[in-house]
Amino acid sequence: MLVLLILHLVAALLAPLLVRTWGPRACLLLALAPAATAGWAVAHTGAVRDGGAVVETYPWIAQLDLDLALRVTTLSWLMLLLVGGVGALVLVYSARYFEAGSVGLARFAAVMVAFAGAMVGLVVSDDLLLLYVFWELTTVFSYLLIGHSTERRSSRWAAAQALTVTTLGGLAMLVGFLLLGHHAGGYRWSVVAAAPLPGGGYLVTAVLLVLAGALAKSAVFPFNAWLPVAMAAPTPVSAYLHAAAMVKAGVFLLGLLGPALAPAGGWRPVTVVAGLVTLVIGGWAALRQTDLKLLLAYGTVSQLGLLAVMFGAGTPKAALAGVAMLAAHALFKAALFLVVGILDHEAGTRDLRDLSGVGRAAPVLATVAGLAAASMAGLPPLLGFVGKEAVLAAFTGDPLVLAVLVAGSALTVAYSIRFLWGAFGTRPGVPDTEMARPPAAMLVPPTVLAVAGLVAGPAAGWLSGLFEPYAELFGPVEEHLALWHGPTAALGLSALVLAGGVVLHLVRGPLAPVLARLRSPVGGNQGYEWVTHRFDLLAIEVTGATQRGSLPQYLGTVLVALVLVPGTAMLATAPWRVDLAPWDNPAQLVVCVVIAVAAVLAVGARRRLTAMLLVGVTGYGTAMMFVLYGAPDLALTQFLVETATIAVFVLVLRRLPERFSARPLRRSRWVRRCVGLAAGLVMAGLALAASGARRAPSISAAFPDLSVAEGYGRNVVNVTLVDIRAWDTMGELAVLVVTATGVASLIFERSRTGPRPRRPQPAGLRPGDRRTVWLRGGQTLRERRRSIVFEVVTRLIFHTMLLFSLFLLFSGHNAPGGGFSGGLVAGLALALRYLAGGRYELAEAAPVGAGMVLGAGLAVSVGSGVVGLALTGDVLQSVKVDLWLPLVGHFYLVTSLFFDIGVYLVVVGLVLDILRSLGAEVDRHVEAAGEPGRGLTVQREGGTP
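Residues numbered from 1 in each chain as written. Predicted model: local features only at pLDDT ≥ 70, side-chain atom pairs only at ≥ 80, totals over all residues. Heavy atoms only, no water.

### Re the overall build of the protein
Item 1. Counting its regular elements, the protein contains 37 helices and four strands.
Item 2. Counting only C-alpha atoms and orienting by the principal axes, one finds that the protein spans roughly 105 × 75 × 70 Å.
Item 3. The buried share among the 945 residues of the protein stands at 49%.
Item 4. For the protein, the share of sequence-separated contacts (at least 6 apart) that also reach a separation of at least 24 residues comes to 77%.
Item 5. Looking at the protein, you have 67 positive and 50 negative side-chain charges, and the mean spots of the two groups are 11 Å apart. (Helix = DSSP H or I, 4+ residues; strand = E, 2+ residues; numbered from the N terminus. Buried < 20%, exposed > 50% of the residue type's maximum accessible area, 1.4 Å probe, protein only. Contact = heavy atoms within 4.5 Å. Lys, Arg positive; Asp, Glu negative; His and termini not counted. Charge placed at Lys NZ, Arg CZ, Asp CG, Glu CD.)

### Quick notes on the side chain of Asp 126
Item 1. Relative to the helices and strands, Asp 126 is located in the loop between α6 (105-124) and α7 (128-146).
Item 2. Buried within the structure, Asp 126 lacks any salt-bridge partner; its nearest side chain of opposite charge belongs to Arg 188, at an N-O separation of 4.5 Å.
Item 3. For Asp 126, the side chain forms a polar contact with the side chain of Ser 190, separated by 2.8 Å.
Item 4. Those residues within four positions of Asp 126 in sequence are excluded, and the remaining contacts are Ala 69, Leu 70, Arg 71, Tyr 187, Arg 188, Trp 189 and Ser 190. (Salt bridge = Lys/Arg side-chain N within 4 Å of Asp/Glu carboxyl O. Polar contact = N/O pair within 3.5 Å; in protein donor to acceptor, adjacent residues only side chain to side chain.)

### Points about a nonpolar patch on the surface
Item 1. Together, Trp 530, Val 531, Phe 535, Leu 538 and Val 542 make up a nonpolar patch on the protein surface, roughly 520 Å² of accessible area in all.
Item 2. With respect to the helices, strands and loops of the structure, Val 542 is situated in helix α25 (residues 524-546).
Item 3. For Val 542, a relative accessible area of 43% translates into the label partly exposed. (Patch = residues over 30% accessible without salt bridge, like charges linked within 9 Å, V, L, I, M, F, W, Y side chains within 5 Å. Areas by Shrake-Rupley, 256 points an atom, 1.4 Å probe, with all protein chains shown as cover.)

### Quick word on the environment of Gly 283
Item 1. As for its placement among the helices and strands, Gly 283 is situated in helix α14 (residues 267-286).
Item 2. Once residues lying within four places of it in the same chain are set aside, the contact partners of Gly 283 are Thr 278, Tyr 298, Ser 302, Leu 411 and Tyr 415.

### Regarding the packing of helix α1 (residues 2-22) against helix α3 (residues 32-43)
Item 1. Their axes nearest at 9 Å, the elements α1 and α3 cross at an angle of 170°. In terms of axis orientation, α1 runs roughly antiparallel to α3. The hand of the α1/α3 crossing is right-handed. On the side of α1, the interface is formed by Leu 4, Leu 7, His 8 and Ala 11, while α3 contributes Ala 33, Pro 34, Ala 36, Thr 37 and Trp 40.
Item 2. Residues belonging to the contact of α1 with α3 are distributed by class as follows: seven nonpolar, two polar and no charged. (Axes fitted to C-alpha atoms, helices over the stretch in contact; angles between N-to-C directions. Parallel < 35°, antiparallel > 145°, perpendicular 65-115°, else oblique. Left-handed = near helix turned anticlockwise from the far one by under 90°. Nonpolar A, V, L, I, M, F, W, Y, C, P; charged D, E, K, R; others polar.)

### Regarding the nonpolar core
Item 1. Core analysis: the biggest nonpolar cluster contains 200 residues, and Tyr 240, Leu 343, Phe 395 and Leu 405 have the highest contact counts within it.
Item 2. Among the elements that make up this core, the one with the highest residue count is helix α16 (residues 316-347) (23 residues).
Item 3. Residues within four places of Leu 405 in sequence aside, it is in contact with Leu 276, Leu 279, Leu 306, Met 310, Val 391, Leu 392 and Phe 395.
Item 4. Judged by nonpolar contacts, the second largest core, of 39 residues, contains Leu 824, Ala 829, Ala 846 and Ile 914. (Core = buried A, V, L, I, M, F, W, Y, C linked by side-chain atoms within 4.5 Å.)

### A look at the pattern of salt bridges
Item 1. For the structure shown, the criterion picks out nine salt bridges.
Item 2. Across the pair Arg 350 and Asp 344 runs a salt bridge whose closest N-O atoms are separated by 3.1 Å.
Item 3. Among the ionic pairs, Arg 607 bridges to Glu 658, the shortest N-O distance being 2.0 Å. Linking Arg 607 in the loop between α27 (586-604) and α28 (608-628) with Glu 658 in the loop between α29 (632-653) and α30 (666-692), this pair joins segments that are 51 residues apart in sequence.
Item 4. Take Glu 658: its relative accessible area is 55%, and that puts it in the exposed class.
Item 5. Several salt bridges converge on common partners, so that one network encompasses Asp 291, Asp 344 and Arg 350.

In structure tokens, the structure reads:
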């Protein structure tokens, strides 16, 4: 089974390349992936025939006790057969349905195969959490398939509606799964179903949440509106997703969970009532449709309601009938959708009011459609008749449900006749439709499906032997599937259903005004739009009331909540009642006083630069505390981070007013001081509580030994970052790259990897002249912005700073330093060049794109992890390599050094990106606006400033 999932993944990844090479014919090759699924199911028929199961388990996420637990029993075997078989035929059909060069064909092929793989994973998952993963994958892929025609608003709207409804249902279902798994102590359904279930409201809540997801996925009332709208998708999508695959997922879930949850309160009433309502309203709506695809869509909604009744009833008869109808519906409905696609493709319309005489023009197609429609109506000897008779027989003891089933089935017969009459009949006064001969590649798939329904009817007895192990989960099976049971009540009801359907079709003329008037006052789409519109309005109101655009207000709200909630709990527990030493060194008290005074003064500062410098004092004071506590690595990093932060603040402040606004008033400033003081006290108390709450030994106690034995370094801090907790650092690198991209996207109007700015020719300097300059970019600045001392100092210390950054990088494994510290020093060197010489000088210092540096850093870090995997079998595992060089002697390298080099490059790229976005790009905007006195010169080449 895992091989099948991998096969679909590989096929989906290769699909775009295959489509670009072979065009639509690539779908023929891609059809092999779902065909392999169907072949696998056929090959394992014997394993599930007598109620057995095929089980595969692969370790996945040990911390969550989550494995790739795959299990195939009778119901999942049938779904594999349908998902694989119908999927392969639909892809064969697509090879001729789409024209060469069709827009989005590569995306369609890839997503279609990926969807088939997600459906395979969904039906074979034994773990409920794994099932949910594949469940949501089918939702995402269906969204992409329904919205295939991205240029059409109707397609985008339909895709969004399907995504919204099914995703919300899936989230509710996930909560239900969590409740069931939490009670059972695990999420393997085979284990959960065998264990005692919880009782009372707990079980009812879990059941209702699960049902919300299942009914939403299968478009059962009240979630039935999204399916007809989804007909905006291409016909192959409708034939697969909305006949054989996606909409069957909810029904499959009902069938999977039914044996265990059917006795639970709420299961039967919800599924049966919702299914019956869906059966009737879907069939009634189908009679009003003139678009053949919409007619089939509402018919699908109706049939899904019937399947929900069968699998929700919780009896052996209903379960056996449900499995038979599940197979029959997939065969006849997929065939009919493909027939409609042929009509639309060859005749140019699917409106039954415009079609006439198609049956004479395409007799083979009409025959195929007749077989499929006959199965849908329940005519013998097709599988649809066997299933419909079993459905009626299962509820002979429940007159009310039986009456609704008979009425809904009669509607099914009526719209089946309407489909055939509208698609292939000859309409008086309508000219015969010109229609080309259908291509064999398009005609074969619906023919295979229709003939399969015809063959399966007489083989009902053999099929019964395959399906009964599932029905036996609900109890002993007393009646079997058969084409002929003799003169039974179910046979009489079947005849009544057929007669009622024929009568409804014959009186369609007088019935038309009734059909037009007898409808819900609020349609499903109107209800969906009303609900989403109300949510939009609510979001606007909430946003308007809470998001006022004031950062102090947002931060104050967070801090007040921190003081009130955790602070109150802290006061109740009094964690400070422990023996504390006020300080280890009197200098610590002095530093604390400096930090506190700077923080208080920063709150009252009126100038932005003053406030920034005072906040910087608190940062440098914190670094001094690290020094006093004997943490040189942390102190070095804090010093560098604080310096880099001040540099960034300087870049930002030059575009802001010198002073803060007149507000806040004096009173509000005191309020802010109080809030800040309270938040500080609460955080101190929480830190104290956290340090005193430890019950188990800290894992960091083993880090010093691990850093030497496995990381081959004596600097515990650096080895922890690049080895022991390298996965954390990898995630932080990804965050830094994303942050840099976000900053650049907010500032740049053009590509940040575009050409570097050309340095203007200084005034009065001819091309042949040579002058000695300290910084070449300095000549582009206005004279009052230049500082010769600054330029000279920068020229003298720039390369020293770079060498120092490399020293920190290479010495960090055994001494204070590392890639992060070294990268910050290199970034500060670049910032120095920019501040001294402007954006042209920055381009001289770093003639590369920031994005390239960021990408290279991330690639180097990831590559070092791959090297560790290749050498040791573990990702990011450090390896010691002993080397010898002349004049140097023996030395060694650790592969984590390359990870640290990646960190170095990412930090340099981040600083470079900030300098070019908040610095150089802002300078360009200033020059373009011609703002005097703001910064850089407006000097033009060969001219004067």
